[in-house]
Amino acid sequence: MQSGRITLTQFIIEEQRRHAHATGDFSGLLNDIATACKVIGNAVGKGSLAGVLGSHGQTNIQGEEQKKLDVISNEVMLSANGWAGHLAGMASEENEELCPIPGKYPRGKYLLLFDPLDGSSNIDVNISVGTIFSVLRSPRPGKAARLADFLQPGTEQVCAGFALYGPSTMLVLTTGHGVHGFTLDRDIGEFILTHPLMRIPEDTGEFAINASNERFWEPPVRRYVEECLAGKTGPRARDFNMRWVASLVAETYRILMRGGVFMYPKDNKDEAKPGRLRLMYEANPVSFIVEQAGGAATTGRERLMAVLPTELHQRVPFIFGSKHEVDRITGYHADYASGREPEDLASPLFGTRSLFRTQ
Ligand code: MN
Ligand code: MN
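Residues numbered from 1 in each chain as written. Chains lettered and ligands numbered in written order. Predicted model: local features only at pLDDT ≥ 70, side-chain atom pairs only at ≥ 80, totals over all residues. Heavy atoms only, no water.

## Some thoughts on the packing of aromatic side chains
Inspection of the entire model under this criterion finds seven aromatic pairs. Each ring, one from Phe 11 and one from Phe 182, has its centre 5.1 Å from the other, and the planes form 75°; the classification is edge-to-face. Residue Phe 11 is found in helix H1 (residues 8–18), and its partner Phe 182 is found in strand E8 (residues 179–185); the two are separated by 171 residues along the sequence. Considered together, Phe 11 and Phe 182 belong to a single accessibility category, that of buried residues. Judged by centre distance (5.6 Å) and plane angle (55°), the rings of Phe 26 and Tyr 110 are tilted. With Phe 26 in helix H2 (residues 24–46) and Tyr 110 in strand E4 (residues 110–118), this pair connects stretches of sequence that are 84 residues apart. Of the residues examined, Tyr 110 reaches a relative accessible area of 5% and is grouped as buried. Through a chain of ring-to-ring contacts, the aromatic side chains of Trp 244, Phe 262, Tyr 264, Phe 318 and Phe 320 assemble into a single cluster. Stacked on the ring of Tyr 332, the Lys or Arg Arg 223 has its end atom at 3.6 Å from the ring centre. Sitting above the plane of the Phe 240 ring, Arg 238 keeps its charged end 5.0 Å from the centroid. (Phe/Tyr/Trp six-rings, centres within 6.5 Å; stacked < 30°, edge-to-face > 60°. Helix = DSSP H or I, 4+ residues; strand = E, 2+ residues; numbered from the N terminus. Buried < 20%, exposed > 50% of the residue type's maximum accessible area, 1.4 Å probe, protein only. Lys NZ or Arg CZ within 6 Å of the ring centre and 35° of its normal.)

Pasting the structure below:
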């Protein structure tokens, strides 16, 4: 090995030594997850050469079209992580029900939740995709996990991370002691620590939101975006840039590297869906990483990781990124809830609330 280079395996073992509560079980689990990510990254990288692009011809529990790579990635995650005895159960975006540990293997003390391939609607156009994971402690270690065991708030996560299959394959993770980024060295097949202690700048001039949903936004989100768009001549007195990749892992990585704010807020498009992103295997793990990197993550109304889950595939409004901007957006939600709003919000742009103002 090249001197001075720290592999993921070495990093995990050294972390384990530093923290008395960590056990070999946990290191083994992280190694299995990393192996699965290498296998998925390899399949993603081969693309059309391996015949893995395109649709699987079915929809998943979320009502989304399943891509071939969604199915392949899910199978890789289940088989790589189920055998070693570290887990009491798994849950995946692609499976409506829990994924039990096969009977021939022992049950362990952790629960693993994952989105096997995030951003997969972008896979056929060769935009970065990734794998997101969240690790919880099972309240009943050694026993087959039940749904209730999984329904813990994000604050209970012991580890979260994501792999990014982009121009380089990366693994970004936190165990609650900062955020560390590893780059896959394809020559030796190892993740190498390249981005220790990643920090999100507290201020930013970039925001990301799907602007085609503008007519469904709530007033606090409209207010924030309007102010950004007004630029130098508006209340913020500075220009902003907009970014939108529509791949959560890619957005998260960009924000980790250079700051920014991402919003998939609550809107009134479909009352049955209070948000777009899934709490347990998208928003919670990303929030843990973002907070550990000095950023903030919220639903607009409460800290995201404080949300008490009621179902496995629950959706939440999700706003995260540079701390000062997220705090500002949270403040706008509080203003709205208490009726404190700037006068210029009482314009026809702002829908029904402006009707009250003119009476
Ligand atoms: Mn996803
Ligand atoms: Mn997915």
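The structure having been displayed, the exposition proceeds.
## Looking at the confidence of the model for the chain
When pLDDT is averaged along the chain, the result is 91; 93% of the residues meet or exceed 70. With pLDDT under 50 throughout, residues 346–359 is counted as low confidence; its partners more than four residues away or in other chains account for 20 contacts. (pLDDT = per-residue confidence, 0-100. Contact = heavy atoms within 4.5 Å.)

## A closer look at the domain arrangement of the chain
Domain parsing of the chain yields domain 1 (8–195) and domain 2 (206–350). Of the roughly 2,900 Å² buried between domain 1 and domain 2 on both sides combined, carbon and sulfur atoms contribute 66%. It is Gln 62, Leu 151 and Phe 162 that lose the most area in domain 1 upon contact with domain 2, and together they represent 18% of the buried surface on that side. Inspection of the region where domain 1 meets domain 2 yields one salt bridge. A salt bridge links Arg 278 to Glu 93; the shortest N-O distance between them is 2.5 Å. Inspection of the region where domain 1 meets domain 2 yields twelve residue pairs in polar contact (both at pLDDT 80 or more). Broken down by secondary-structure element, the contributors of at least two residues to the side of domain 1 that touches domain 2 are strand E3 (87–92), E4, strand E5 (129–137), helix H4 (147–150), strand E6 (159–165) and strand E7 (169–174). (Domains from an automatic or database assignment. Buried area = accessible area lost by both parts, 1.4 Å probe. Salt bridge = Lys/Arg side-chain N within 4 Å of Asp/Glu carboxyl O. Polar contact = N/O pair within 3.5 Å; in protein donor to acceptor, adjacent residues only side chain to side chain.)

## Topic: the pattern of salt bridges
Where charged atoms from two side chains of opposite charge come close, those side chains can pair. All chains considered together, the criterion is met by 19 salt bridges. In this structure, Arg 223 engages Asp 335 in a salt bridge whose closest nitrogen and oxygen atoms are separated by 3.0 Å. Residue Arg 223 is located in helix H5 (residues 219–230), and its partner Asp 335 is located in helix H8 (residues 323–337); the two are separated by 112 residues in the primary sequence. Both residues of the pair, Arg 223 and Asp 335, belong to the buried class.

## Examining the coordination of the manganese ion (ligand 1)
With distances of 2.0 to 2.2 Å, the protein atoms coordinating the manganese ion (ligand 1) are Asp 115 (OD), Asp 118 (OD) and Glu 282 (OE). Sequence spacing among the residues donating to the manganese ion (ligand 1) works out to D-x2-D-x163-E. Here the manganese ion (ligand 2) and the manganese ion (ligand 1) are spaced 3.8 Å from one another, each receiving a donor from Asp 115. You'll find Asp 115 and Asp 118 in the same group, each marked buried. (Donors = N, O, S within 2.8 Å, 3.2 Å for Na, K, Ca; no water.)

## Here's the deal with empty space enclosed by the protein
To find leftover empty space, one rolls a probe the size of a water molecule over the atoms. For the structure shown, the criterion picks out one cavity of 30 Å³ or more. Of the voids in this model, the largest cavity is the one considered here, and its volume is about 40 Å³. Residue lining of the largest cavity: Ile 209, Asn 210, Asn 213, Trp 217, Met 263, Tyr 264, Pro 265 and Asp 267, and that is the complete set. For the lining of the largest cavity, a count of residues per class yields five nonpolar, two polar and one charged. (1 Å grid on protein atoms, 1.4 Å probe; cavity = no way out; pocket = protein on both sides within 12 Å on 5 of 7 lines; lining within 4 Å. Points joined across faces, edges and corners; volume = space filled by probe spheres on them. Nonpolar A, V, L, I, M, F, W, Y, C, P; charged D, E, K, R; others polar.)

## Description of the nonpolar core
One finds Leu 112, Phe 133, Val 135 and Leu 171 to be the most contacted residues of the largest nonpolar core, which totals 40 residues. Broken down by element, the residue count for this core peaks at ten residues, all from H2. (Core = buried A, V, L, I, M, F, W, Y, C linked by side-chain atoms within 4.5 Å.)

## Considerations on H8
Across its 15 residues, H8 extends 21 Å between first and last C-alpha, which sits within 8% of the 21 Å expected from 1.5 Å per residue. Turning to H8, its buried residues number three or more, namely Glu 325, Val 326, Ile 329, Tyr 332, His 333 and Asp 335. Against the buried residues of H8 lie H5, strand E12 (261–264), strand E14 (296–298) and strand E16 (318–321). Phi for Gly 339, located one or two positions after H8, is positive at around 80°. (Expected span 1.5 Å × (residues − 1).)

## Describing the sheet that holds E12
Hydrogen bonds between backbone atoms are what pair the strands of a sheet, whose relative direction is either parallel or antiparallel. The five strands are arranged E11-E10-E12-E16-E14 in an open sheet whose pairing can be described as mixed. Where the open sheet ends on each side, the last strands, each with one partner, are strand E11 (241–242) and E14. Sheet topology places strand E10 (residues 206–209) next to E12; three bridges connect them, and they run parallel. Within the sheet, the bridge partner assigned to Ile 209 lies in E12 and is Met 263. Here H5 sits on the sheet in contact with E10 and E12, set at roughly 135° to E10. Helix H6 (residues 248–258) rests against E10, E12 and E16 of the sheet, and its axis sits at about 30° to E16. (Pairing = 2+ DSSP bridges. Axes fitted to C-alpha atoms, helices over the stretch in contact; angles between N-to-C directions.)

## Considering the coordination of the manganese ion (ligand 2)
Within the protein, the manganese ion (ligand 2) binds to Glu 93 (OE), Asp 115 (OD) and Leu 117 (O); these donor distances fall in the range 2.1 to 2.3 Å. Sequence positions of the donors to the manganese ion (ligand 2) reduce to the motif E-x21-D-x1-L.

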